[in-house]
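What follows is the residue order along each chain.
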Amino acid sequence: MPDTRLPRQFARLLGCALTALAVAGAAQAELADKNAPMNIEADSLRYDDANRTSTFSGNVVITKGSIVMRGRRVVVKQDEQGNQFGTITGDDKAQGFFRQKREGLDEWIEGHGDRIEYDSQKETVRFQGNAALRRYRGTQLNDESLGSVITYNSATEVFTVQGGAPSRNAENPS
């Protein structure tokens, strides 16, 4: 049986390129999210006042306007200007998760990865390890990109995808 890995990766990258073209020029992410308060629920918290760092563990759910983030463990830092930086990690049962509404549209950007880095100052989200980024129109999946690292800028609606070994979800969708 011939090795089909290269054509699959090429097809994914082609799909990513087409998705990027479809998203270019589209509306921005929900504008009110940047200034919305961040609310966090978790099983436990460890706060380090000197370093302005909070570590949340177990069933972590974060909301910030239309943004929803979930993970097993989340570390949140805040700088002097109030910008928030979060690192979300999952576990063997579930990856980290991110979802945000697009401004003025019935569309959502949703993604997951083994590790997710959120930067409120730059308005970026970086999905690492078995990463996926999807765009939904209402409840219907419109676009999907898979890669080892996906970086999404919600202010400019630009994302980049780095290839790599296919994710377990690409081989066995659930």
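Above: the structure in question.
Please read these numbers as outputs of a predicted model, since none were measured by experiment.

**Overview of the overall build of the chain**
Looking only at helices and strands, the chain has two helices and 11 strands in total. Tracing the chain from N to C terminus, the helices and strands come up as α-β-β-β-β-β-β-β-β-β-β-β-α. Buried residues in the chain amount to 39% of all 174 residues.

**Brief notes about the packing of aromatic side chains**
All chains considered together, the criterion is met by one aromatic pair. Ring centres 6.1 Å apart and planes at 70 degrees place the aromatic pair phenylalanine 98 and phenylalanine 127 in the edge-to-face group. Here phenylalanine 127 lies in strand E9 (residues 124–137) and phenylalanine 98 lies in strand E6 (residues 96–101), a separation of 29 residues in the sequence. Of the two residues examined, phenylalanine 98 and phenylalanine 127, each falls in the buried class. Across from the ring centre of phenylalanine 97, 3.9 Å away, lies the NZ or CZ of arginine 70, which sits over that ring.

**Quick notes on the pattern of salt bridges**
Per the stated rule, a full pass over the model turns up 10 salt bridges. When the shortest N-O distance is used, the salt bridge between arginine 102 and glutamate 107 registers 2.1 Å. Residue arginine 102 shares its accessibility class with glutamate 107, and that shared class is buried. Of the charged contacts, one joins glutamate 107 and arginine 135 as a salt bridge, the two residues approaching to 3.6 Å between their closest N and O atoms. Separated by 28 residues along the polypeptide, glutamate 107 in strand E7 (residues 107–113) and arginine 135 in strand E9 bring together distant segments of the chain.

**Looking at the nonpolar core**
In this structure, Met69, Phe98, Tyr118, Phe127 and Leu133 are the most contacted members of the largest nonpolar core, which totals 20 residues. Every residue in contact with methionine 69, bar those within four places of it in the chain, is listed here: Met38, Val60, Val61, Ile62, Ile88, Phe97, Phe98 and Tyr118.

**Re the pairing of E9**
Within E9, 10 of the 14 residues are buried, leaving the element largely enclosed by the surrounding structure. Note: E7 against E9, six bridges, orientation antiparallel. By the bridge assignment for E9, glycine 111 is matched with leucine 133. Relative to E9, strand E8 (residues 115–119) runs antiparallel, the two sharing five bridges. Bridging from a neighbouring strand, isoleucine 116 pairs with phenylalanine 127 of E9. Here E9 pairs with strand E10 (residues 140–153) via 12 bridges, running antiparallel. Its bridge partner being in E10, alanine 132 is matched across the sheet by leucine 146. The turn linking E9 back onto E10 is made up of two residues, and glycine 138 within it adopts a positive phi angle of 65 degrees.

Analysis parameters
- Residues numbered from 1 in each chain as written.
- Predicted model: local features only at pLDDT ≥ 70, side-chain atom pairs only at ≥ 80, totals over all residues.
- Heavy atoms only, no water.
- Helix = DSSP H or I, 4+ residues; strand = E, 2+ residues; numbered from the N terminus.
- Buried < 20%, exposed > 50% of the residue type's maximum accessible area, 1.4 Å probe, protein only.
- Phe/Tyr/Trp six-rings, centres within 6.5 Å; stacked < 30°, edge-to-face > 60°.
- Lys NZ or Arg CZ within 6 Å of the ring centre and 35° of its normal.
- Salt bridge = Lys/Arg side-chain N within 4 Å of Asp/Glu carboxyl O.
- Core = buried A, V, L, I, M, F, W, Y, C linked by side-chain atoms within 4.5 Å.
- Contact = heavy atoms within 4.5 Å.
- Pairing = 2+ DSSP bridges.

In short, shape yes, function no, at least from these values alone.
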